Amino acid sequence: MSERLYIFDTTLRDGEQVPGCQLNTIEKIQVAKNLEKLGVDIIEAGFPISSPGDFNSVIEISKAVTWPTICALTRAVQKDIDVAAESLKYAKHKRIHTGIGTSDAHIKYKFGSNREEIIERAIAAVKYAKKYVEDVEFYAEDAGRTDNEYLSRVVEAVIKAGATVVNIPDTTGYCLPEEFGEKIKYLKEHVDVIDKAIISTHCHNDLGMATANTLSGILNGARQAEVTINGIGERAGNTSLEEIAMILKCHKHIDIETNINTTKIYPISRLVSSLMNMPVQANKAIVGRNAFAHSSGIHQDGVLKNAKTYEIMNPTDVGLDDNSIVLTARSGRAALKHRLCVLGVNYETEEKLDKIYESFLNLADQKKDLTDDDILMLAGADRADSHAVKLEFLQVTSGKGVKSVASIGLDISGQKFEEASSGNGPVDAAIKALKKIIQKQMTLKEFTIQAISKGSDDVGKVHMQVEYNGNMYYGFGANTDIVTASVDAYIDCINKFKV
């Protein structure tokens, strides 16, 4: 009989720490419900002490999902644990995830402490969390750079204190796969009470080894993997859920199984990408646009003769349907409704569906075929409806040998404003006109354009980072006209300003 690997998804906690990728509570619930359909065992719903928004999200996610365990993160601080316990009051299955740094660097520079005191604090945190919940997970932050002998002492102490799961994070993504595997093996062999807890991996991708390290940990005895959709997360990201799930599905000789319904992988990948405004790189394993594309003549010849020559996975295994309905201007509401359901989008009311369909028809008139990313963009477009600053109109004149000039109209809380400006190109002219109306000291720090697919009629996505009053704000815009998308992204930043 195959052994069981528990999938702990931290998209809504570690994944959401990516700058500019924050979700509101409604969006988090949407992701959580799709994680439940995917088959995730544990959902880390947030860090409740960090903000009222995070606290409320844990409460609402606890109400929204049924069978997965809902986990709340804390530091080894009593107040953190009190707040986490309160946020989990509606969870059917609840877990508190507490911990402290264990590497010498953390002990000396972060805590100004010593090894014995850290063990005492770890024990105290687990015992305190145990007063609230039976299921307590302990994380030894920076375990990847913690020497194995001391790490084993910490792990043994917290298991004896009541920890049901011990998380061994490679917090900085420093470990080599063999090294990380040896660390898990050392704990299995040197912690007397290790059979009383599950060992978990939590690997970061700073050196591109998160998946390799996680797999090495699993092969050496870890039975929980902490992962995110699309591998999102701080800095270079976390281990990708889809990569671990498909590695185990493809390599059946490993004889370790998960509860993941892999056919739900592609839709939730696109949903998370859309809601977080974070593009999936084209060559991303499993879910990238080119993951099942073959351009080499030799490869194409082989695939046409037999897909197994160059494909180790069937695209349908990850939710890609070769025979999926192509959406065009002639598609009806039923086809759109079906595609939204496949993508895990909750449109709430028929009125909302009507609004999406109206936008869909307008976009379909401009494009030949609409992609899943187009549909997700349309489904999320109404998020700007409540914004104080809205774009009323934009007219731009530009070309070779002609100075670019832009005229812009804004609606600011019901009042109409118009301005015009010239600039070094159409986007520069449009933003200068915008700034004439919004008279604030703002600085554009980052400007990224991405095409959703490949056609000249494609929707362009623009991501912006604007500095205002000492703070950074992230904005997003999408339109078949890249100048309009750029202005929308800048306005999205402005609407987030703290004034």
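Conventions and cut-offs
Residues numbered from 1 in each chain as written. Predicted model: local features only at pLDDT ≥ 70, side-chain atom pairs only at ≥ 80, totals over all residues. Heavy atoms only, no water. Helix = DSSP H or I, 4+ residues; strand = E, 2+ residues; numbered from the N terminus. Rg over C-alpha atoms; globule rule 2.2 N^0.38 Å. Areas by Shrake-Rupley, 256 points an atom, 1.4 Å probe, with all protein chains shown as cover. Lys, Arg positive; Asp, Glu negative; His and termini not counted. Charge placed at Lys NZ, Arg CZ, Asp CG, Glu CD. Core = buried A, V, L, I, M, F, W, Y, C linked by side-chain atoms within 4.5 Å. Buried < 20%, exposed > 50% of the residue type's maximum accessible area, 1.4 Å probe, protein only. Pairing = 2+ DSSP bridges. Right-handed = clockwise from strand over helix to strand, strands pointing away.

**Points about the overall build of the protein**
Here's step 1: Secondary structure summary: the protein contains 16 helices and 16 strands in total.
Here's step 2: Relative to the 2.2 N^0.38 estimate, which gives 23 Å for 499 residues, the radius of gyration of the protein is 25 Å and therefore close to what a compact globule would have.
Here's step 3: By element, 49% of the accessible surface of the protein is carried by carbon and sulfur atoms, the whole surface being about 22500 Å².
Here's step 4: Within the protein, one finds 58 positive and 68 negative side-chain charges whose respective centroids are separated by 2 Å.

**Notes on the nonpolar core**
Here's step 1: Counting 111 residues, the largest nonpolar core has Leu35, Leu38, Ile70, Phe138, Val155, Ile168 and Leu340 as the members making the most contacts within it.
Here's step 2: For this core, the element with the highest residue contribution is helix α6 (residues 148-161), accounting for eight residues.
Here's step 3: The next biggest cluster of nonpolar side chains, apart from the first, holds 27 residues, and it includes Leu410, Ala430, Ala485 and Ile491.

**Some thoughts on the pairing of strand β4 (residues 69-73)**
Here's step 1: Across the five residues that make up β4, a large majority, five, are buried.
Here's step 2: Alternating residues of β4 divide into Thr69, Cys71 and Leu73 and Ile70 and Ala72, and every residue in both groups is buried.
Here's step 3: Across four bridges, the pairing between strand β3 (residues 42-46) and β4 is parallel. Residue pairing in the sheet places Ile42 in a bridge with Thr69 of β4.
Here's step 4: This β-α-β element, β3 to helix α2 (residues 52-64) to β4, shows right-handed connectivity.
Here's step 5: Alignment of β4 against strand β5 (residues 94-101), held across four bridges, turns out to be parallel. Across the sheet, the residue bridging to Ile70 is Lys94, located in β5.
Here's step 6: Handedness of the crossover is the feature at issue here: the chain leaves β4, passes through helix α3 (residues 78-87), returns alongside β5, and the resulting connection is right-handed.

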